[in-house]
Amino acid sequence: MDQITRLFDLLLQHALEPGLNWVLDHPIVSVVVVVVLVYWSVRGYRML
């Protein structure tokens, strides 16, 4: 169990924190990516 916690901590430090910093530095790119992902996930539905 301790190894899983350590792995999760390493993942947070090396993947999520730089990614979050990049997102905060490039908010417009992040909004475009989110809109594209939402469109891609709901494109099969007739609601839109």
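A brief look at the structure comes next. (Residues numbered from 1 in each chain as written. Predicted model: local features only at pLDDT ≥ 70, side-chain atom pairs only at ≥ 80, totals over all residues. Heavy atoms only, no water.)

## Description of the overall build of the protein
Now for step 1: Helix and strand counts for the protein stand at two helices and zero strands.
Now for step 2: Principal axes of the C-alpha set define a box for the protein whose edges measure 45 × 30 × 10 Å.
Now for step 3: Looking at the 48 residues of the protein, the share that counts as buried comes to 2%.
Now for step 4: Counting only carbon and sulfur atoms, one obtains 70% of the accessible surface of the protein, whose full area is about 4900 Å². (Helix = DSSP H or I, 4+ residues; strand = E, 2+ residues; numbered from the N terminus. Buried < 20%, exposed > 50% of the residue type's maximum accessible area, 1.4 Å probe, protein only. Areas by Shrake-Rupley, 256 points an atom, 1.4 Å probe, with all protein chains shown as cover.)

## Concerning the packing of helix 1 (residues 2-25) against helix 2 (residues 27-42)
Helix-helix packing is characterised by the crossing angle of the two axes and by the distance between the axes.
Now for step 1: For the pair helix 1 and helix 2, the least separation of the axes is 5 Å and the interaxial angle reads 105°. Considered as vectors, helix 1 and helix 2 are oriented roughly perpendicular to each other. Listed contacts from helix 2 to Trp22, Val23, Leu24 and Asp25 of helix 1 are Pro27, Val29 and Ser30. (Axes fitted to C-alpha atoms, helices over the stretch in contact; angles between N-to-C directions. Parallel < 35°, antiparallel > 145°, perpendicular 65-115°, else oblique. Contact = heavy atoms within 4.5 Å.)

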